Amino acid sequence: MKVLVSNDDGIFSPGILALALAMSEIADEVAMVAPDVEQSASGHAITVRHPLRYTATKLENLPDNVKAYRVDGTPADCVVLGVHNAFRPDVVVSGINLGSNLGYDITHSGTVAAAMEGTTMGIPSVAFSLRTGESELNFSHAASFAKQLIPEVAKRGLPARTFLNVNFPVGKPKDVRLARQSTHSWEDSVIKREDPNGQDYYWIAGKPTGSDEPDSDYIAVSQGYACITPLHLDMTHSSFFANLADYLE
Ligand code: MN
C-alpha cells in the first residue's frame, strides 16, 4: 500500500509527523507532501498564477519508507504535486490537524481540502483533525485509529466522490461515532485596529457558535467521542430542483 500524507499546518507540524509515522507501520511507502508554512483556513485553493517548488525535506527520525517534501503552496497543491512527483497513492490522508474541523469549518479547512483534492482525482481520501484544549496535544488516539481505518479504506475503497472527515476530541475518546455535519460556525466578530500609519486593519476572529443538533459532529466531539462524517463532492441540493423551477416561471 502507498499512502500520501498532507496537511494544512505545514511539513514541520507534529500532527503530520504522528500521522506519517502511523502510516509507515501499515504502508509500504509513505510520501509526506505538505506546505512549507501553515496554510490553515486556506480551503481548496490551488495555485495557478505563480510557480511552485517541490523540495525534498530532511526530517529527523523518519523510517526508511517515508519521504518528505515541502511545497510553497496550498494543501491542494501538495496533493496535486505529490501524486505527480511521488506516486499515485492507494489512499490520501490529511492531518492530523491541530484543531477540529466540524460543521462549516469543513468549507474553510485546508486539511479537509487536501482530502477533497485526492477525491477529485479518484483516490480514496480521509481527513483527520484533533480538537485542541488546555491539555497537552496527544495525537496517539487519532494515529492508532488511522492505522485501523486506512487499511479498510484501501481495501474496500469509498463510494464515488465520497471522502471521510474524522475528528477526535481532547483526551481519550469514549468511542467512535458516525455523525452528520453540523451547522457549527464562527460568530462574525471582526476586530478593527489602526496601524502605525493611521490606516485601519482588521482581524477576523470569531467565536465558535457550537451546535446542539443531535447525531452531529459537533455534539460527538464535545461529548468526548471521536466521529466520522462521510462527505460528498456533489453539493447539488437535489430536492430543491422542483421548487427552483418555480423561480423561472
Ligand atoms: Mn490547520
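Calculation notes
- Residues numbered from 1 in each chain as written.
- Predicted model: local features only at pLDDT ≥ 70, side-chain atom pairs only at ≥ 80, totals over all residues.
- Heavy atoms only, no water.
- Helix = DSSP H or I, 4+ residues; strand = E, 2+ residues; numbered from the N terminus.
- Rg over C-alpha atoms; globule rule 2.2 N^0.38 Å.
- Buried < 20%, exposed > 50% of the residue type's maximum accessible area, 1.4 Å probe, protein only.
- Contact = heavy atoms within 4.5 Å.
- Areas by Shrake-Rupley, 256 points an atom, 1.4 Å probe, with all protein chains shown as cover.
- Lys, Arg positive; Asp, Glu negative; His and termini not counted.
- Charge placed at Lys NZ, Arg CZ, Asp CG, Glu CD.
- Pairing = 2+ DSSP bridges.
- Axes fitted to C-alpha atoms, helices over the stretch in contact; angles between N-to-C directions.
- Polar contact = N/O pair within 3.5 Å; in protein donor to acceptor, adjacent residues only side chain to side chain.
- Donors = N, O, S within 2.8 Å, 3.2 Å for Na, K, Ca; no water.
- 1 Å grid on protein atoms, 1.4 Å probe; cavity = no way out; pocket = protein on both sides within 12 Å on 5 of 7 lines; lining within 4 Å.
- Points joined across faces, edges and corners; volume = space filled by probe spheres on them.
- Nonpolar A, V, L, I, M, F, W, Y, C, P; charged D, E, K, R; others polar.
- Phe/Tyr/Trp six-rings, centres within 6.5 Å; stacked < 30°, edge-to-face > 60°.
- Lys NZ or Arg CZ within 6 Å of the ring centre and 35° of its normal.

Participant: Looking at this structure, how should I read the overall build of the chain?
Facilitator: Broken down by element type, the chain carries 7 helices and 11 strands. Taken over the C-alpha trace, the chain has a radius of gyration of 19 Å; the compact-globule value for 249 residues is 18 Å, and the two agree within 12%. Counting only C-alpha atoms, the chain reaches 60 × 55 × 45 Å along its principal axes. Expressed as a percentage of its 249 residues, the buried residues of the chain come to 46%. Considering only residue pairs separated by 6 or more positions, the chain has 77% of its internal contacts joining residues 24 or more positions apart. For the chain, the accessible surface area stands at approximately 13,300 Å², while carbon and sulfur atoms represent 51% of it. Each charge sign in the chain was given a centre, from 19 positive and 30 negative side chains, and these centres are 5 Å apart.

Participant: I keep staring at the sheet that holds strand β6 (residues 125–130) and nothing clicks. Help me out?
Facilitator: Sheets are built from strands that pair by backbone hydrogen bonding, the pairs being arranged parallel or antiparallel. Reading across the sheet, the 9 strands line up as β3-β4-β2-β1-β5-β6-β7-β11-β8 and stay open at both edges, with mixed pairing between neighbours. For this open sheet the edge positions go to β3 (54–56) and β8 (176–178), each flanked by a neighbour on one side alone. Neighbour to neighbour, the strand axes of the sheet diverge by 25° on average, direction disregarded. Note that strand β5 (residues 91–98) and β6 share 5 bridges and pair parallel. What sits directly across from Val-93, in β6, is Val-126. Relative to β5, helix α1 (residues 14–26) is tilted by about 145°, and along the sheet it contacts β1 (2–6), β2 (29–35), β4 (66–71), β5 and β6.

Participant: It is not clear to me how the side chain of Ser-94 should be interpreted in this structure. Could you clarify?
Facilitator: Relative to the assigned elements, Ser-94 resides in strand β5. Here the side chain of Ser-94 touches Thr-111 through a polar contact of 2.8 Å, landing on its backbone oxygen.

Participant: Just checking my understanding: could you explain the coordination of the manganese ion for this structure?
Facilitator: Where a metal carries four tetrahedral donors, each ideal angle is 109.5 degrees; where it carries six octahedral donors, the ideal angles are 90 or 180 degrees. Listed as protein donors to the manganese ion are Asp-8 (OD), Asp-9 (OD), Ser-40 (OG) and Asn-97 (OD1); their distances from the metal cover 2.1 to 2.3 Å. Written as a sequence motif, the donor arrangement for the manganese ion is D-D-x30-S-x56-N. You can see Asp-9 sitting in the loop between β1 and α1 and its partner Asn-97 sitting in strand β5, a full 88 residues away along the chain.

Participant: Got a minute to help me understand the layout of surface pockets in this structure?
Facilitator: Left-over empty space is what a probe sized like a water molecule reveals as it rolls over the atoms. Size it by volume and the largest pocket reaches roughly 630 Å³. Surrounding the largest pocket, 25 residues form its lining, Ala-41, Ser-100, Asn-101, Asp-105 and Trp-186 being those nearest its centre. Broken down by secondary-structure element, the contributors of at least two residues to the lining of the largest pocket are β5 and α3 (105–108). In terms of residue class, the lining of the largest pocket is built from 7 nonpolar, 12 polar and 6 charged. One number sums up the size of the second largest pocket: a volume of about 530 Å³. Surrounding the second largest pocket, 18 residues form its lining, Ile-106, Gln-181, Leu-231, His-232 and Met-235 being those nearest its centre. Mapped by element, the contributors of at least two residues to the lining of the second largest pocket are α3, α4 (110–120) and β11 (226–232).

Participant: I tried to follow the packing of aromatic side chains on my own but got confused; where do I start?
Facilitator: For any pair of aromatic rings, geometry is given as the distance between the ring centres together with the angle between the planes. By the definition in use, this model includes 3 aromatic pairs. Summarising the aromatic geometry, the rings of Phe-145 and Phe-168 are spaced 5.7 Å apart at their centres and angled 50° between planes, so their arrangement reads as tilted. Here Phe-145, found in helix α5 (residues 140–156), pairs with Phe-168, found in strand β7 (residues 162–168); they are 23 residues apart in sequence, far enough to count as distant. Summarising the aromatic geometry, the rings of Phe-240 and Tyr-247 are spaced 5.9 Å apart at their centres and angled 75° between planes, so their arrangement reads as edge-to-face. Lying across the ring of Tyr-218, Arg-131 places its NZ or CZ 5.2 Å from the centre. Directly above the ring of Tyr-225 sits Arg-177, whose terminal nitrogen or CZ lies 3.8 Å from the centroid.

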